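Observations on the three-dimensional arrangement
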Amino acid sequence: MRKVILSMIAGAVFMVSCGPKSVAVTGPKYTASEQLTQGKTIFENSCSRCHKLPNPVKHDDQGWIKTLSRMAPKAKLSDEQHQMVYDYLISVNKK
Ligand code: HEC
């Protein structure tokens, strides 16, 4: 019985600690032009497969965190690619 309770606690802790980490990108990371250029290329190649390329000004920095966390898995981006696309988008989204 003790084992069952312990594993239930461990399970609950695991689920809680996993929660926020599933959002790979939570803010800016890269500012170097090399990564931003790469982000642009990935964006143009990967994000136009299912719909027209969205205009980067469509979302502010916070909005792109949310949208990309839904779209990056659709585009099968790695965490690194996801980050570079995010950094590219927020480098050009200012109106
Ligand atoms: C596998 C197909 C697919 C790929 C690849 C894809 N999207 Fe989407 N996208 C959709 C679908 C379907 C919708 C409409 C439904 C929805 O909003 O979830 C959408 C909606 C959107 C929207 C409008 C909704 C919003 O939150 O503003 C934006 C912006 C967007 N996608 C950006 C992107 C970006 C950026 C990428 C590249 C990382 C991308 N998408 C890749 C399928 C895709």
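It should be noted that the structure appears before, not after, this text.
This text gives an overview of the structure that appears in the document. This structure is a prediction, so every number in the text was calculated from the model and none was measured.

Going through the model one piece at a time under the given rule, you end up with 2 salt bridges. Residues Glu44 and Lys40 are paired through a salt bridge, measuring 2.9 Å at the closest nitrogen-oxygen approach. Of this pair, Glu44 and Lys40 both sit in helix α2 (residues 33-46), separated by 4 residues, roughly a single helical turn. Among the residues examined, Glu44 registers a relative accessible area of 35% and is labelled partly exposed. Exposure remark for Lys40: the relative accessible area of 34% places this residue in the partly exposed category. Between Asp61 and Lys94 there is a salt bridge, and its shortest N-O distance comes to 3.2 Å. You can see Asp61 sitting in helix α3 (residues 61-74) and its partner Lys94 sitting in the segment after α4 (79-92), a full 33 residues away along the chain.

Next up on the list: the site of the ligand. Near the ligand, the surroundings consist of 16 residues, among which Cys47, Cys50, His51, Arg70 and Met71 are the closest. Within the side chain of His51, one N or O atom sits 2.7 Å away from a nitrogen atom of the ligand. A distance of 2.5 Å is found between an oxygen atom of the ligand and a side-chain nitrogen or oxygen belonging to His59. At a threshold of 2 Å from the grid points, most atoms of the ligand map onto the largest pocket. Those elements that place two or more of their residues in the shell around the ligand are α2 and α3. Broken down by class, the residue content of the shell around the ligand amounts to 9 nonpolar, 4 polar and 3 charged.

Rules used in this analysis
- Residues numbered from 1 in each chain as written.
- Predicted model: local features only at pLDDT ≥ 70, side-chain atom pairs only at ≥ 80, totals over all residues.
- Heavy atoms only, no water.
- Salt bridge = Lys/Arg side-chain N within 4 Å of Asp/Glu carboxyl O.
- Helix = DSSP H or I, 4+ residues; strand = E, 2+ residues; numbered from the N terminus.
- Buried < 20%, exposed > 50% of the residue type's maximum accessible area, 1.4 Å probe, protein only.
- Near = heavy atom within 4 Å.
- Polar contact = N/O pair within 3.5 Å; in protein donor to acceptor, adjacent residues only side chain to side chain.
- 1 Å grid on protein atoms, 1.4 Å probe; cavity = no way out; pocket = protein on both sides within 12 Å on 5 of 7 lines; lining within 4 Å.
- Sits in = over half its atoms within 2 Å of the grid points.
- Nonpolar A, V, L, I, M, F, W, Y, C, P; charged D, E, K, R; others polar.

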